[in-house]
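# Summary of the model geometry
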Amino acid sequence: MKCPPLVLIFGLLLLQHNHGFEFVIDGEWEDDLPSDLRHERHKRAILTSEEQEYFEVVSGEDITIKSYRIESHVTSRFAHTSVRSHVVNSGAKAQSIGFNVQIPKRAFISNFTMNVNGIVFKGSVKEKTVARNLYAQARARGKAAGIVRANSQDVETFKTEVHVPPGSNIEFELNYQELMQRKLGIYEHQLYLQPGRLVPQFQVDVYIFEPKGISKVETTDTLGGHLSELIKVTTTDEKVHIFFKPSMQQQRKCSNCTGSAIDGVLSVKYDVNRDNNGELQVSDGHFVHFFAPSNLSPLPKNIVFVIDVSGSMWGVKMKQTVEAMQAILDDMTIDDHFSVIDFNHNVRCWSEDLVPGSSIQVADAKKYIQDIKPNGGTNINEALIRAVQILVKASHQGLIDPRSVSMIILVSDGDPTVGEVKLSTIQKNVKRVMREEFSLFSLGIGFDVDYDFLERIAMENRGTAQRIYANHDAADQLRAFYSQVSSPLLRRITVQFPEDSVSDITQNQFDKFFSGSELVVAGKVLPSDTDTLTSFTTASAARLDLTLETEADATELDERLAKLHHSYPGFARQLWAYLTIKQLLGERAMAPTAAKKRKITQRILSLAVEHQFVTPLTALLVENEEENERLLADSPKDAKQGCCSGVGVTPVTLVYQHPPWVLMTTPAPPSTVDKGPEEYALPQRVNLVDNDPHFIIHLPRRNLDVCFNINSKPGHILNLLSDSGTGVVVNGQLIGSKKLHKNKLNTYFGTISLYSQPEGVSVTASTSNITVSDERNTNVFSWDATTDITQDGVRIRIVKNSNVTITINDNIQVTVLLHRIWKKHPFNVDFLGIYIPTNNQYSPLVHGIIGQFSREPDVRVYDIHEGVDPLKKEATMEVKGNQLQVTRGWQKDYRTETKHGSNVYCWFVHNSGKGFIDGHYTDYIVPDLNSFLQMN
């Protein structure tokens, strides 16, 4: 039988005895071929989307598909998918029946079972050496194997054929698992629906459960016509069910047609609720930490584009590259810097220096690229070395912001043919000159390029690789990749845990985080006396250094999963193994020595067998109950000796040292972490404003507290502290209650802002979030998690759903308290309180409703006597030349007891503090939250 033009990736083997069927040989094992033939086979075997042969799930003549069902259970981004089909040989003679399933390249097959006329074959993952031995035995006996082929885009096709007599019943079931990758703010789960014929019982179910809740979900498909209308989506806060069950009549291409209209992809796209600190989940003795912050300002970029313009790029490849580069360059901002290198046998630079992304420079670069005419050979080595030199030169000249992201983006379609052509030497050369703050991203166009080399050189230099398929949408693929790396938000991210709380952690240090993506860390949870696991994530943002704290209950999620019928309770354990194996495969590809490679190989084998994953190093042994008949499957390799097509992009193990601020904020063991840093200890004496809004001013020399209210209007912004000498101002904006209460509209502080002029930093706390901004950047943080932020001389500590403390240069501190009110309260609203220590150090120019009392006035209280209310004494207060009638009462300090507060006894000054504060309270109304007070 002639072998079709496809890559042999899986082998299936049945050792048959006397059951009237046999497996058909459909190709050879790749490693049995000479290396030169293997190379050529790779080159001709990968099909473009236009060249794909017709695909159908079940193949054969005179067969009936009685049922076909796909069921996916996605729990916390981890998908477990099963594909089941029941087929009957309805012909008059024996024939081969094929079962084909398209699966994502990133997925691991976890099992394949088959029931042929009552003989049940069940799968188990074994080391590949076992598979090779069994395959050799079968081939010697003339028995056969099915195959799996690699297909274009991001899928592989599992394919097997079984030869059966007429009337035979065959039931197939394939299971595979994968971790959903977040790209451009979305997770996408794709199911390939191509039965090739009408099916009486055709059904697709996708069940999604996300503990934090699902923020959006949509389905898209390429089925077209009336079939799209049959896809039903049912959603709750945490769960989604996608249901597709067309009848036989609905499956028809037309009312009288016998062909099926179902031929396309059903795609489920969704995202989850999240906050900037990440989502920590604990289940089945394992943890998973998902980290995907948003509302952060992008870091500036320094990019050198390195474009292959050799002769092989002529035609559609170059046209698509130019088209993509036009759009990519339009994304440049004035804060970004870039240059362009094009190379064939020579290397040319559009600019020898990094230049700002101004409209003039962008237009010039676009014209340069538009005029390129491909020809000649391929000198990758010199082109990459030149790109690194441009970045190094810019660094020496001080053009690179230390918090920016510097990257090289290589676009190439071929192997090196000029200059240094040995791939391992090019890899060493680039690694030698690359700095640890630079990253290399490799884009391989088509299949003449050695993708394995591009992947290794990118991974080794803190980047990733991606194959670009040379067809009509190559420009879209290039733009889509660039979109994924065009908005870096964080650098030097480290996820840590208290000592002795976790083990076997996957990669927990990452060089950078891009907007719309997600970092995932998993591990095992060690036995503990506490039911709470805490993570600490440190990172560097635009002018900010962050420490983010996240907590998870160790038992809650398992209890929820046990009650959910369609969840996948073992997700955390399998997700950890999946992620670990993916990372180990990447490390194995870059192992510097054979001994290191063997050690990693053994670790992969052990995990794959324990967790039943078919990987490039393991095989699936499928055998009947008597274990005298078997079939075998092993995992694919990518084109041109690629290491592992199913591996995908693996995070790189970083080599940089932590910056000093990370070392300073490394969490202590839980016993000390819970106490909080010493600098955030509560001051003994404060001036405060809380509730409606009640001011309490502490006068240290007299050890006296004086209170007053401000009866202003919602929307007014009151200046609380204004110090033009130190450049610090604190203002608060009033909000009103929902409605009148006792014929009065209560007012509260809904927003409080601190602005430090020397640093140009503004911290604005509202009842919904905390915003940190400067002249260029705005970063938003949630009240839902504990976070430490450092920017220049300003430190901010957010305590989860409690308070935020801002410290400026260690001598001025302000704490804002969050008060949450029952949402259905008839008139009260969420509001803020503000607490300012009396020992803050200001300049002599300080003023404001609170700031003026940094210079303690002379106060005398006398003539204390019984008042109208026997519980409240009255007196006369002499202050600032005024004699005021005051009342003794109490107000609340909510710092230590947030619900009921602690009593602070004070002398209350009536009429909005008139006579006690300078001037009238309306003198302290300012136009915006960063305004300094202008006193007459």
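As shown above, the structure is provided for reference.
Attention in this report is confined to the structure presented alongside it. (Residues numbered from 1 in each chain as written. Predicted model: local features only at pLDDT ≥ 70, side-chain atom pairs only at ≥ 80, totals over all residues. Heavy atoms only, no water.)

## Examining the pattern of salt bridges
Proximity of charged atoms lets side chains of opposite charge pair with each other. Heads up, the condition is: Between Lys or Arg on one side and Asp or Glu on the other, a salt bridge is scored when a side-chain nitrogen of the former is within 4 Å of a carboxyl oxygen of the latter. Helix and strand definitions follow DSSP, with helices as H or I runs of at least four residues and strands as E runs of at least two, each counted in order from the N terminus. Residue burial is assigned from relative accessible area. The probe radius is 1.4 Å, only protein chains are included, and a residue is buried under 20% of its type maximum, exposed over 50%, and partly exposed in between.
All told, the structure shown has 40 salt bridges when counted by the stated rule. One salt bridge connects glutamate 518 with arginine 77, and the closest N-O pair in it is separated by 3.0 Å. Taken together, the residues span a long stretch of sequence, with glutamate 518 in the loop between strand E30 (509-514) and strand E31 (519-525) and arginine 77 in the loop between strand E4 (63-75) and strand E5 (78-89) at a distance of 441 residues. Neither glutamate 518 nor arginine 77 differs from the other in exposure class; each is buried. Between aspartate 413 and lysine 317 there is a salt bridge whose closest N-O contact spans 2.9 Å. Highlighted residues: aspartate 413 in the loop between strand E25 (405-412) and helix H7 (423-433) and lysine 317 in helix H4 (residues 316-330), separated in sequence by 96 residues. There is no split in this pair, since aspartate 413 and lysine 317 are both buried. Several salt bridges converge on common partners, so that one network encompasses Arg77, Arg182, Glu210, Asp271, Arg274, Glu279 and Glu518.

## With respect to unusual backbone geometry
Non-glycine residue glutamine 612 carries a positive phi angle of around 60°. For glutamine 612, the location among the structural elements is in the loop between helix H12 (594-611) and strand E34 (618-624). Although it is not a glycine, asparagine 911 adopts a positive phi angle of roughly 60°. Looking at the secondary structure, you find asparagine 911 in helix H15 (residues 910-913).

## Section: the sheet that holds strand E12 (residues 182-183)
Short version of the rule: Any two strands with at least two DSSP-identified bridges between them are counted as paired.
Within the open sheet, the four strands sit side by side as E12-E13-E18-E15. Their pairing is antiparallel. The open sheet is flanked by E12 and strand E15 (214-221), the only strands paired with a single partner. As defined by bridge partners, E12 adjoins strand E13 (residues 186-193) across two bridges and the pair is classed as antiparallel. Looking at E13, one finds that lysine 183 is bridged to isoleucine 186.

## As for the nonpolar core
Side chains of nonpolar character tend, in soluble globular proteins, to be buried together. Note the threshold: Put simply, buried Ala, Val, Leu, Ile, Met, Phe, Trp, Tyr and Cys residues joined by side-chain atoms within 4.5 Å make one nonpolar core. By definition, residues are in contact when any of their heavy atoms lie within 4.5 Å.
Leu490, Phe708, Ile796, Val804, Met877 and Phe916 are the most contacted members of the largest nonpolar core, which has 83 residues in total. If we ignore the near neighbours within four places in the chain, the residues touching leucine 490 are Phe291, Pro293, Leu296, Leu299, Asp511, Lys512, Phe513, Ala539, Ser540, Ala541 and Leu546. Among the nonpolar cores identified, the runner-up in size contains 54 residues, and Ile97, Ile103, Tyr187 and Val240 belong to it.

## Remarks on the packing of aromatic side chains
Put simply, the rule is: A pair of Phe, Tyr and Trp rings is counted when the ring centres sit within 6.5 Å of each other, with Trp represented by its six-membered ring. The angle between the planes then sorts it: under 30 degrees is stacked, over 60 is edge-to-face, the rest tilted. Over a ring means this: the NZ of a Lys or the CZ of an Arg is within 6 Å of the ring centre and within 35 degrees of the ring normal.
Considering all chains together, one arrives at 23 aromatic pairs under this definition. Judged by centre distance (5.2 Å) and plane angle (45°), the rings of phenylalanine 108 and phenylalanine 613 are tilted. Note that phenylalanine 108 is positioned in strand E7 (residues 108-116) and phenylalanine 613 in the loop between H12 and E34, a separation of 505 residues in sequence. Of the two residues, phenylalanine 108 and phenylalanine 613, neither departs from the other in class, the shared state being buried. A cation sits over an aromatic face here: arginine 77 above phenylalanine 290, 3.8 Å from the ring centre. Above the ring of tryptophan 907, the side-chain terminus of arginine 888 is found at 5.4 Å from the ring centroid.

## Some thoughts on the side chain of asparagine 379
Structurally, asparagine 379 can be placed in the loop between helix H5 (359-370) and helix H6 (380-396). For asparagine 379, the contacting residues outside a window of four places in its chain are Phe343, Asn344, His345, Val347, Val418 and Gly419.

## Things to note about the pairing of strand E38 (residues 704-709)
By the criterion of burial, E38 is predominantly enclosed, with six of the six residues buried. Neither face of E38 is left uncovered, since the one carrying Leu704, Val706 and Phe708 and the one carrying Asp705, Cys707 and Asn709 both have all their residues buried. With six bridges joining them, strand E37 (residues 694-699) and E38 adopt antiparallel strand pairing. Note that in E38 the partner of isoleucine 697 across the bridge is valine 706. Pairing analysis gives three bridges linking E38 to strand E53 (residues 902-909), with the strands arranged parallel.

## Quick notes on the sheet that holds E31
Pairing is antiparallel across the open sheet formed by four strands, whose spatial order is E19-E20-E31-E29. In this open sheet, the two edge strands, each paired with only one partner strand, are strand E19 (279-283) and strand E29 (502-503). In this sheet, strand E20 (residues 286-291) lies alongside E19 in antiparallel orientation, the contact comprising five bridges. Bridged to glutamate 279 within E20 is phenylalanine 290.

## Some details on a negative patch on the surface
Operational definition: Residues enter patches when they are more than 30% accessible in relative terms and free of salt bridges; like-charged ones are connected within 9 Å and nonpolar ones (Val, Leu, Ile, Met, Phe, Trp, Tyr) within 5 Å. Working definition of accessibility: Shrake-Rupley area with a 1.4 Å probe, residue cover restricted to the visible protein chains. Positive residues here are Lys and Arg, negative ones are Asp and Glu, while His and the chain termini are left out of the count. Where a charge lies is defined by one atom per residue type: Lys uses NZ, Arg uses CZ, Asp uses CG and Glu uses CD.
A surface patch of like charges, here negative, comprises Asp284, Asp531, Asp553, Glu556, Asp558 and Glu559. In terms of residue count, the dominant contributor to the negative patch is helix H10 (residues 556-562) (three residues). Along the chain, the position of aspartate 284 falls in the loop between E19 and E20.

## Structural notes on the pairing of E20
Of all six residues that make up E20, six are buried, and the element is covered over most of its length. Once E19 ends, the chain turns through two residues before running back antiparallel as E20, passing aspartate 284 with a positive phi of about 55°. By the bridge criterion, six bridges tie E20 to E31 in an arrangement that is antiparallel. Looking at E31, one finds that histidine 286 is bridged to lysine 524.

## Looking at helix H8 (residues 451-459)
The following threshold applies: Under this definition, polar contacts are N or O atom pairs within 3.5 Å; protein pairs additionally need one hydrogen-donor-capable and one acceptor-capable atom, and for neighbouring residues in sequence, both atoms have to be side-chain atoms.
Burial runs high along H8: nine of the nine residues are buried. Of the positions making up H8, those classed as buried are Tyr451, Asp452, Phe453, Leu454, Glu455, Arg456, Ile457, Ala458 and Met459. Elements that come into contact with the buried residues of H8 comprise H6, E25, H7, strand E26 (438-445), strand E27 (465-468) and helix H11 (571-589). Where H8 begins, the side chain of aspartate 450 points an oxygen toward the backbone nitrogen of aspartate 452, at a separation of 3.2 Å.

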